[in-house]
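The chain contents come next:
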Amino acid sequence: MADEDLPDSLEPAIDVPPRDEPPPPPTPRGDLRAASIIAIVTGVIVIGWYLFVVTVSTVSELQQLAWIQIGMWVLAAVSTVCGILSLNARMARELAAAGFIAGVAAGLLSISIGFFSGLELLN
């Protein structure tokens, strides 16, 4: 067999039919990026507020303190729930782990600092 009989690999394949496109992959299950992001954002807000409460003594002079404290309890609950939901993530596991940590930290701070200082400040 001579080299002239072999097809040239640089010539376009005119007589080869195009391949069928494979079907798109199914929607991945366990994509909880939104829950993780919500847990992180609300957790950072709650943690920042309780650091503010602990470090600043002028909190009692704030107007609408009762509504702020109740809002922080609600945000801590949202962050904790979204953080626990992040445990079921099959994709973006690093983000899910960060969401879980932020949610648990917000929940623990809300129970430890927020509950007692909030009750003291509300009275």
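Residues numbered from 1 in each chain as written. Predicted model: local features only at pLDDT ≥ 70, side-chain atom pairs only at ≥ 80, totals over all residues. Heavy atoms only, no water.

1. Some remarks on the overall build of the chain
Here's step 1: Looking only at helices and strands, the chain has 3 helices and 0 strands in total.
Here's step 2: From first element to last, N terminus to C terminus, the chain shows the α and β order α-α-α.
Here's step 3: Here the chain holds 123 residues, and the buried ones make up 24% of them.
Here's step 4: Carbon and sulfur atoms make up 66% of the accessible area of the chain, which amounts to about 9000 Å² in all. (Helix = DSSP H or I, 4+ residues; strand = E, 2+ residues; numbered from the N terminus. Buried < 20%, exposed > 50% of the residue type's maximum accessible area, 1.4 Å probe, protein only. Areas by Shrake-Rupley, 256 points an atom, 1.4 Å probe, with all protein chains shown as cover.)

2. Topic: the packing of aromatic side chains
Here's step 1: As enumerated under the stated definition, the model contains 1 aromatic pair in all.
Here's step 2: Ring centres 5.6 Å apart and planes at 35° place the aromatic pair Trp49 and Phe52 in the tilted group. In this pair, Trp49 and Phe52 are both assigned in helix 1 (residues 33–55), 3 residues apart and thus about one turn of the helix distant.
Here's step 3: The exposure class assigned to Phe52 is partly exposed, which follows from its relative accessible area of 32%. (Phe/Tyr/Trp six-rings, centres within 6.5 Å; stacked < 30°, edge-to-face > 60°.)

3. Notes on the nonpolar core
Here's step 1: The biggest cluster of nonpolar side chains holds 8 residues, and these are Val46, Trp49, Tyr50, Val53, Leu65, Met72, Ala76 and Ala106.
Here's step 2: Looking at this core, the elements that each hand over two or more residues are helix 1 and helix 2 (65–85).
Here's step 3: With 4 residues, the single largest contributor to this core is helix 1.
Here's step 4: Once you skip the residues sitting within four places of it in the chain, Ala106 turns out to touch Gly43, Val46, Ile47, Ala76 and Ser79. (Core = buried A, V, L, I, M, F, W, Y, C linked by side-chain atoms within 4.5 Å. Contact = heavy atoms within 4.5 Å.)

4. So, the side chain of Ser110
Here's step 1: Mapped onto the secondary structure, Ser110 falls in helix 3 (residues 93–122).
Here's step 2: Dropping the residues within four chain positions of it, Ser110 is found in contact with Tyr50, Trp73, Ala76 and Phe115.

5. Focus on helix 1
Quick reminder: α-helices carry 3.6 residues per turn. Residues three or four places apart thus point the same way.
Here's step 1: Here helix 1 spans 33 Å end to end across 23 residues, near enough to the 33 Å set by a 1.5 Å rise per residue.
Here's step 2: By the burial criterion, the buried members of helix 1 are Ala35, Ser36, Ala39, Thr42, Gly43, Val46, Trp49, Tyr50 and Val53. (Expected span 1.5 Å × (residues − 1).)

6. Digging into helix 2
Here's step 1: Between the first and last C-alpha of helix 2 there are 30 Å, a value that for 21 residues agrees with the 30 Å anticipated at 1.5 Å per step.
Here's step 2: For helix 2, the complete set of buried residues consists of Leu65, Gln69, Met72, Ala76, Ser79, Cys82 and Gly83. Seen from one end, helix 2 has its buried residues packed into an arc of 150°, which puts them on one side. (Arc of directions from axis to C-beta.)

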